[in-house]
Each structure stands twice: as structure tokens, then as C-alpha cells.
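Report on the structure
For reference, the chains in residue letters:
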Amino acid sequence: MSKVKRTETNSFRTAVENTPDITTCYQVGLRGLGTYSQKVQLSDNSKCSGSVDIDACTTTKYPQSNRWDYGLCYKEKVYFMEVHTANTGEVSTVIRKLQWLKDWLNREAPEINKLKATEQTPYVWVQTNGFHILKTSKQYRDAVQAGILPIAKLILK
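What counts as what
Residues numbered from 1 in each chain as written. Predicted model: local features only at pLDDT ≥ 70, side-chain atom pairs only at ≥ 80, totals over all residues. Heavy atoms only, no water. Helix = DSSP H or I, 4+ residues; strand = E, 2+ residues; numbered from the N terminus. Rg over C-alpha atoms; globule rule 2.2 N^0.38 Å. Buried < 20%, exposed > 50% of the residue type's maximum accessible area, 1.4 Å probe, protein only. Areas by Shrake-Rupley, 256 points an atom, 1.4 Å probe, with all protein chains shown as cover. Lys, Arg positive; Asp, Glu negative; His and termini not counted. Charge placed at Lys NZ, Arg CZ, Asp CG, Glu CD. Axes fitted to C-alpha atoms, helices over the stretch in contact; angles between N-to-C directions. Parallel < 35°, antiparallel > 145°, perpendicular 65-115°, else oblique. Left-handed = near helix turned anticlockwise from the far one by under 90°. Contact = heavy atoms within 4.5 Å.

What follows covers the overall build of the protein. Along its length, the protein carries five helices and six strands. Beginning at the N terminus, the succession of helices and strands in the protein can be written as α-β-β-α-β-β-α-α-β-α-β. For the protein, whose C-alpha radius of gyration is 16 Å, the value lies close to the compact-globule estimate of 15 Å for 157 residues. Dimensions of the protein, computed from the C-alpha atoms along their principal axes, are close to 70 × 35 × 25 Å. Within the protein, the proportion of its 157 residues that are buried is 44%. When the accessible surface of the protein is summed, it comes to about 8,900 Å², and 49% of that surface belongs to carbon and sulfur atoms. Put simply, the protein has 22 plus and 15 minus side-chain charges, and the middle of one group is 5 Å from the middle of the other.

Structure below.
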């Protein structure tokens, strides 16, 4: 009697491969984040369905755009992570990147868009070198309003 090999479907990988801008960019686990994988803490690494370096994969098509950095799938939900300096002068840049991502997901990556996390914000700004945004500044309020206040590390339970 032969054993039938059970194959699990990876909806994230399928969605990435069906997105022309990033069709060849799927990476196993957190590999798509490169050295920034250390900025993510997962309670169960086996629940990570993969990742993609959105920025690197879309540079050629959108060379002048403020592109978002990464997407990763954990427990069948996609989170989008921007690793960026968290200072007052960079808030508007990250907000532009967030708008680019939302537009790109709606226009170019609808399958990935359907998988985004809903129980918490799927858009995460992970700071490099500390938090340097004045809490009394307009930029701080803009970041809060955009739902994109920087954090030190993305922790997913």
C-alpha cells in the first residue's frame, strides 16, 4: 500500500506567485526580510507561511516611488512591515510609503490584499536606531492618525 503524500496549500505563496510584480519573490519563512528578520518575533515559527521583499521586487517597475519594504504571512494572515528610521522628519515619507502600499495592494496585488490581517493593523513601521519623533509634534499626530506609529519589534503571538 503506497502512502499518499499530503500537500498543504500555502495561500500566501500562491497569492505572491499570482502577483505579476513579485511573482518570483516568495521566500520561505522570514528569509524575504533578510537581516531584518531579527526585527520580528513569532511565538510559533512553524506558522510562518513565508515572506517577500516588496521593495526589492518592485524597484524596476516603480523606481521613483516610495515603496513599502516587506510582507510576511503568519497564521494565514499577512502583515506588511516597513523598517525605517523613526524620526520626526521621516514620518511623511513612511505615510507616503503606506499609501503606495495600499494603492499597490488594491491595484496590483488583490490576492495578497485579501489575506491581510484584520484583528490588528496589518501595517507596521519597525523603527531603526530608536524612536525619535517628538510626541508633541504634528508629525507624531500624523503617524497616529495614519495608524502607523513606529515600534521596536513586530511581535506576533
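Structure shown, so let's carry the discussion forward.
All right, on to the packing of helix α3 (residues 91-107) against helix α5 (residues 138-146) then. Axes are the key here: two packed helices are described by the angle between their axes and the distance separating the axes. Running from N to C, α3 and α5 cross one another at 20°; their axes reach a closest spacing of 9 Å. Of the possible angle classes, the one that applies to α3 and α5 is roughly parallel. Handedness of the α3/α5 crossing: left-handed. Every residue of α5 that contacts α3 at V91, I95 and L98 is listed here: Q139, D142, A143 and A146.

None of this, on its own, says anything about what the molecule does.
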